[in-house]
Amino acid sequence: MPHPNDPSLRSFIDVDPSSDFPIQNLPYGVFSTASNPTPRVGVAIGDYVLDLWELEQDSRLDVGPLGVFATPSLNSFMALGPKVWTKTRARISELLRADHPELRDNEELRSRALVPMREARLHMPFAVSGYTDFYSSKEHATNVGVMFRGKDNALQPNWLHMPIAYNGRASTVVVSGTKVKRPRGQLKPPNVELPSFGPCKRLDFELEMGVVIGQSSPMGGMLTESQAEEMIFGFVLLNDWSARDIQQWEYVPLGPFLAKAFATSISPWVVTREALEPFRLKGPEQQPVPLDYLKQTKPQNYDVELDVSLRAAGANAPTIISRTSFKYMYWSSVQQLMHHASSGCAMNVGDLLGSGTISGPEKNQRGSLLEISWNGTEPVELPGGARRSFLEDGDSLVMRGWCQGNGYRVGFGEVEGTILAAE
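Treat the numbers as computed from the prediction; the structure is a model and nothing was measured. (Residues numbered from 1 in each chain as written. Predicted model: local features only at pLDDT ≥ 70, side-chain atom pairs only at ≥ 80, totals over all residues. Heavy atoms only, no water.)

(A) Highlighting the side chain of Ser242. Within the secondary structure, Ser242 is located in strand E15 (residues 242-243). A distance of 3.0 Å separates a polar side-chain atom of Ser242 from the backbone oxygen of Asp240. Here Lys260 takes part through its side chain, which lies 3.0 Å from a polar atom of the side chain of Ser242. In contact with Ser242, not counting residues within four places along its chain, are Arg202, Leu203, Asp204, Glu206, Ala259, Lys260 and Phe262. (Helix = DSSP H or I, 4+ residues; strand = E, 2+ residues; numbered from the N terminus. Polar contact = N/O pair within 3.5 Å; in protein donor to acceptor, adjacent residues only side chain to side chain. Contact = heavy atoms within 4.5 Å.)

(B) Spotlight on unusual backbone geometry. Of the consecutive residues Val252 and Pro253, the connecting peptide bond is found in the cis state with omega at 5°. The topology assignment puts Pro253 in the loop between helix H8 (244-250) and helix H9 (258-261). With omega at 5°, the peptide bond leading from Gln287 into Pro288 counts as cis. Here Pro288 lies in the loop between strand E18 (280-281) and strand E19 (301-302). For Trp374, which is not a glycine, the phi torsion comes out positive at approximately 45°. Mapped onto the elements of the fold, Trp374 is located in the loop between helix H11 (369-372) and strand E23 (380-381). Owing to a relative accessible area of 23%, Trp374 belongs among the partly exposed residues under this scheme. (Buried < 20%, exposed > 50% of the residue type's maximum accessible area, 1.4 Å probe, protein only.)

(C) The UniProt feature "binding site: Ca(2+)" (unreviewed entry) in the protein chain, seen in detail. Listed under "binding site: Ca(2+)" (unreviewed entry) in the UniProt record, and renumbered for this structure, are Asp133, Glu206, Glu208 and Asp240. Look at the named residues: they lie 108 residues apart in sequence, but the longest C-alpha span between them is just 10.9 Å, so in the fold they bunch up. Checked against the element boundaries, Glu208 lands in strand E13 (residues 207-213). The class for Glu208 is buried, based on a relative accessible area of 0%. For Glu208, the residues in contact, after removing those within four places along its chain, are Asp133, Val236, Leu237, Leu238, Asp240, Gly354, Ser355, Gly356, Thr357 and Ile358. Residue position: Asp240 is located in strand E14 (residues 232-240). Take Asp240: its relative accessible area is 0%, and that puts it in the buried class. Once residues within four sequence positions are removed from consideration, Asp240 is found in contact with Tyr131, Asp133, Tyr166, Phe205, Glu206, Glu208, Lys260, Ala263 and Thr264. A distance of 3.2 Å separates the side chain of Asp240 from the side chain of Tyr131, its partner in a polar contact. (UniProt positions renumbered as here; feature names shortened; annotations may be inferred.)

(D) Broad picture of the nonpolar core. Core analysis: the biggest nonpolar cluster contains 55 residues, and Phe205, Met209, Phe235, Ile321, Phe326 and Leu337 have the highest contact counts within it. Of all the secondary-structure elements, those providing two or more residues to this core are E13, helix H7 (225-231), E14, strand E20 (305-311), helix H10 (333-341), H11, strand E25 (396-404) and strand E26 (409-420). For Phe205, the residues in contact, after removing those within four places along its chain, are Asn239, Asp240, Arg244, Val308, Ile321, Gly367, Ser368, Leu369, Ile372, Leu391, Leu397 and Met399. Within the second largest apolar cluster, 39 residues are counted, among which are Val43, Trp85, Tyr131 and Leu352. (Core = buried A, V, L, I, M, F, W, Y, C linked by side-chain atoms within 4.5 Å.)

(E) Here's a closer look at the sheet that holds strand E4 (residues 114-116). Strand order in the open sheet formed by five strands is E4-E3-E2-E1-E5, with antiparallel pairing between adjacent strands. Single-partner strands in this sheet number two, and they are E4 and strand E5 (121-123). Across the sheet, the axes of successive neighbouring strands diverge by a mean angle of 50°, strand direction being ignored. Of the pairings in the sheet, the one linking strand E2 (residues 40-45) to strand E3 (residues 48-51) comprises four bridges and is antiparallel in character. In the strand pairing of E3, Val43 is matched with Leu50. Each of strand E1 (28-32), E2 and E3 is contacted by helix H3 (residues 82-96), which is oriented at about 65° to E1, the strand it contacts most. (Pairing = 2+ DSSP bridges. Axes fitted to C-alpha atoms, helices over the stretch in contact; angles between N-to-C directions.)

(F) Inspection of the domain arrangement of the protein chain at higher detail. According to the domain assignment, the protein chain consists of domain 1 (28-123) and domain 2 (130-420). Measuring from the centre of the C-alpha atoms in domain 1 to the corresponding centre in domain 2 gives 30 Å. With 20 residues of domain 1 in contact, the opposing surface of domain 2 contributes 18 residues. At the boundary of domain 1 with domain 2, total buried surface from both sides reaches about 1,500 Å², with 68% on carbon and sulfur atoms. Its largest share of buried area at the contact with domain 2, domain 1 owes to Tyr28, Met78 and Trp85, together 39% of the area lost on that side. On the surface where domain 1 and domain 2 come into contact, there are zero salt bridges. Of all the secondary structure elements, the ones that give two or more residues to the side of domain 1 that touches domain 2 are E1, E2, helix H2 (75-78), H3 and E5. Here the side of domain 1 that touches domain 2 gets four residues from one element, more than from any other, and that element is H3. (Domains from an automatic or database assignment. Buried area = accessible area lost by both parts, 1.4 Å probe. Salt bridge = Lys/Arg side-chain N within 4 Å of Asp/Glu carboxyl O.)

Here you go:
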């Protein structure tokens, strides 16, 4: 049987070369339709969603307990482990191949199992057990450090020795398309003696990738590189919305809290680690050499192209304000997971790890408005005369990501959010 990543594979479903969802991708998500409002698990293929519950009922997919795809999250499927993930992806690929008649020539099953994407409502793809946000782009950390501490003290002494992170709020992780209310909090500009309470005035985005953990680890244990890699089910696009003025006042001495707790948006499709395998590459050289428990023996970064579009309130069209790549991350997702568990912290199925803001070395590769506008001193010029240092009510932000193959792309779709006024 051909490997699901084989670039020569073609589906009997016509897929445009510019589509994010060719047969080489097969990302998982949760969807419902007007005719069947029960959320269930599906796979994206071109402009369709393949209903895995229909295939499971028809005995075309056998993953173990019947009904694993009839649930409103991927957690039950992820808990079955990497061997089942690999077997299932291979079987789905086989069913969708142009040279395989089983689904292609079964008109009755096709009519039940293939749902036009335009008719599908996409939901949160998995139940988030816990959420941790890292700070792993050297370019981003350096930019922020220069802004607030000066060039000579840009990186804190610990940054080059371990992946820095904080524990966020799983309860406010939402799927793409969910509107985000402007948060409220304590505000204290530098020129004011006492804080006040009110709506955030410096609302920002953070361009990130989210790592979806598909296996648990025991409390008190540690993880090797291979163990950590096998625990990663897949990746999503992630926007960790940030209230910069609330953060500035509250973060000393324990770090971000309410400034990051009000909303985190993710894309609805989880692109599997296996689908990204052809795009694996070595990350930046790490100096000093990491401690033994963080050392990697093989490339653990991925060449995922990313862009961010901003549609200002009242504007007709969005404008791309950033283009960068996931390949620039200094600390890899595997290193983040190894470090997370190194103290004995237990990991759970459905844990979400944010990569941290992804910025590249060039000015147009910055992954937040804080950097793009250089803390408000260089506002972004948009068509029609609009300018933005930070996000305003009614603004809409879209992040996209994809890996470009030879004649096909493995994409993530998009994560979108629109800002509503604070109540």
